[in-house]
Amino acid sequence: MAARRRGTLKVLGLTALLPYLAQVVLAHGSLHKYSTTIPLPLRPLALDVACPLPVDDVAEAWPLQRPSPPWTHPPECEHAMDRTTKYCAYINSRHGSHGWSIVTSPETAADSAALLSKPLNTSRLGENWRDAPYKIVDMPGKGKGVVATRAIKQHEEILLDYATVLVDIMFTTRVPAVLGYRLLHAAVDRLSDPASILDLGRSNGLAKDEIENVLRTNAFNTPVGGVPHIALYPTLSVRGCLFSCFVSVLGINHACKPNAYTRFITESLQVSVGAARDIEAGEEITNSYIPLGQPSADRKQKLQRWGFTCRCSLCAASPAETAASDTRRREIERLRDHAVRAFQGGQPYQALRLTRQVLGLLPAEGLLHTHGGEQYENMARVFFVLRDMRNAEKYANLSLGVLAEQGYIQGGVGGEHLERMWKRFEEEEGGRY
Ligand SMILES: [Zn+2]
């Protein structure tokens, strides 16, 4: 029997609009079972009162310094509880229409500074985009919503936004809360439009601090220089609605079977919303706040943090339809898990059989366009380790085709993409069967 595989198969869809809690699992790329440990919230205030304030010689010296480009303000810094790591708030209040700030280590800030010199495509942002194919309207029973003003083709880009505030994920666990809040406020208050951020979380009441509230309901996971950060995209952000909804920005409502998906463009820290299928004029544009493909009970439980009961077409289906859908979704989950285990356990043919079954079940749940790509890649991976390159190539092309449709690959799929995939498989699997 072949050696136990080191690599694993993909088990999560990539293209939902996932707020931070869900996005955090995607940062790790492929394919393990993900930890659900979430670093937020910041350490409680009570813990910090007893802690001596760390002395930051550099921070003390900063008020005397002038800000250095590309930053428009001197950085504000605090030491982590280990007294050696340092986090600072760096601000460029003139970047884009809201300004741009990052709370991170000096090393990552140096990396990220290069991003500020790149031209920022803001021509299609928010409500001011002249040819925007959507408008924000009052929706009965759910406050505001976003509605298509014309027909939108599948995979067409609906809107584009860029990160306005970024926060190193580790910062939230390493810096005492009082000091952490100070840096978060420095990062937000000096933006050219702080209200664009503050308005996102004002009324959700999840945390004592208003910026923490925003982070807890609206942040998305975005790596910066390979370091996991959480990012706020004010145009795209969802709303914290635990007690009442406060809507001042474009808020796309949730649906469990949405007609739009989100794509993160990590090189430019931008995020775009694309059409998951053809959307008709007048149709509401929806996106999922939670990972796609879950049974109804799991969806309900995960949506509780937004304080609403989902009444999308999937949740409002008849009990019989809901039961059938739940059965299929649980079966997809079970088969995917078994496929991963079979592959890792040196049973590639079993993994292929199970993955084929997954692919057979996805269309009935409308999940082929979101989950199909990774399953195709899994098929390619197994055929690759079996040295069946004809089939490996067939499924690799199917997988890459999905990525191209979703805009992750520009200019068509080419031989270089296949080569890169083989190289990755070779590295991750440590050779073939
Ligand atoms: Zn729903």
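Residues numbered from 1 in each chain as written. Predicted model: local features only at pLDDT ≥ 70, side-chain atom pairs only at ≥ 80, totals over all residues.

Colleague: Help me out: how do you make sense of the sheet that holds strand β11 (residues 260-265) in this one?
Modeller: Through backbone hydrogen bonds, the strands of a sheet pair up, either in parallel or in antiparallel fashion. If you trace the three strands from one edge of the open sheet to the other, you get β6-β12-β11, paired in antiparallel fashion. Single-partner strands in this sheet number two, and they are β6 (157-162) and β11. This sheet shows a mean twist of 20° between the axes of neighbouring strands, independent of strand direction. Sheet topology note: the β11/strand β12 (residues 270-275) ladder contains six bridges and is antiparallel. If you follow Ala260 over to β12, its bridge partner there is Ala275. (Pairing = 2+ DSSP bridges. Helix = DSSP H or I, 4+ residues; strand = E, 2+ residues; numbered from the N terminus. Axes fitted to C-alpha atoms, helices over the stretch in contact; angles between N-to-C directions.)

Colleague: Can you help me understand the packing of helix α12 (residues 368-385) against helix α14 (residues 415-429) in this one?
Modeller: Between two packed helices, the angle of one axis relative to the other and the distance separating the axes together describe the packing. In the contact formed by α12 and α14, the axes pass within 10 Å of each other and the chain directions differ by 70°. When the axis of α12 is compared with that of α14, the two are roughly perpendicular. In this structure, the crossing between α12 and α14 has a hand that is right-handed. Listed contacts from α14 to Ala380, Arg381, Phe384 and Val385 of α12 are Met421, Trp422, Phe425 and Glu429. Partitioned by chemical class, the residues of the contact of α12 with α14 number six nonpolar, no polar and two charged. (Parallel < 35°, antiparallel > 145°, perpendicular 65-115°, else oblique. Left-handed = near helix turned anticlockwise from the far one by under 90°. Contact = placed C-beta atoms within 7 Å. Nonpolar A, V, L, I, M, F, W, Y, C, P; charged D, E, K, R; others polar.)

Colleague: Please explain the sheet that holds strand β7 (residues 165-168) as it appears in this structure.
Modeller: Pairing is mixed in the open sheet, where six strands are placed in the order β1-β2-β3-β7-β9-β8. Pairing within the sheet leaves two strands with one partner each, and these edge strands are β1 (76-79) and β8 (220-224). Strand-to-strand twist in this sheet, taken as the mean axis angle between neighbours without regard to direction, amounts to 20°. Sheet topology note: the β1/strand β2 (residues 86-92) ladder contains four bridges and is antiparallel. Bridging from a neighbouring strand, His79 pairs with Lys86 of β2.

Colleague: Honestly, the nonpolar core in this entry has me stumped. Any pointers?
Modeller: One broad rule of soluble globular proteins: the nonpolar side chains tend to lie buried together. Val103, Ala187 and Ala231 are the most contacted members of the largest nonpolar core, which has 44 residues in total. With residues near it in sequence (within four places) discarded, Ala187 still touches Ala89, Ile91, Ser101, Val103 and Val165. If you look at the next biggest cluster of nonpolar residues, it comprises 28 residues, including Ile332, Val340, Leu362 and Leu400. (Core = buried A, V, L, I, M, F, W, Y, C linked by C-beta atoms within 7 Å. Buried ≥ 20, exposed ≤ 12 C-beta atoms within 10 Å, placed from the backbone.)

Colleague: What am I meant to see in the pairing of strand β3 (residues 100-104) here?
Modeller: Successive side chains on a regular strand alternate, one facing one side of the sheet and the next facing the other. For β3, the buried fraction is high: five of the five residues fall into the buried class. Side-chain alternation along β3 places Trp100, Ile102 and Thr104 on one buried face and Ser101 and Val103 on a second face that is also buried. As paired strands, β2 and β3 are joined by five bridges and run antiparallel to one another. Across the sheet, Cys88 pairs through a bridge with Thr104, a residue of β3. Pairing geometry for β3 and β7, over three bridges, is parallel. Paired with Val103 across the strands is Val167, a residue of β7.

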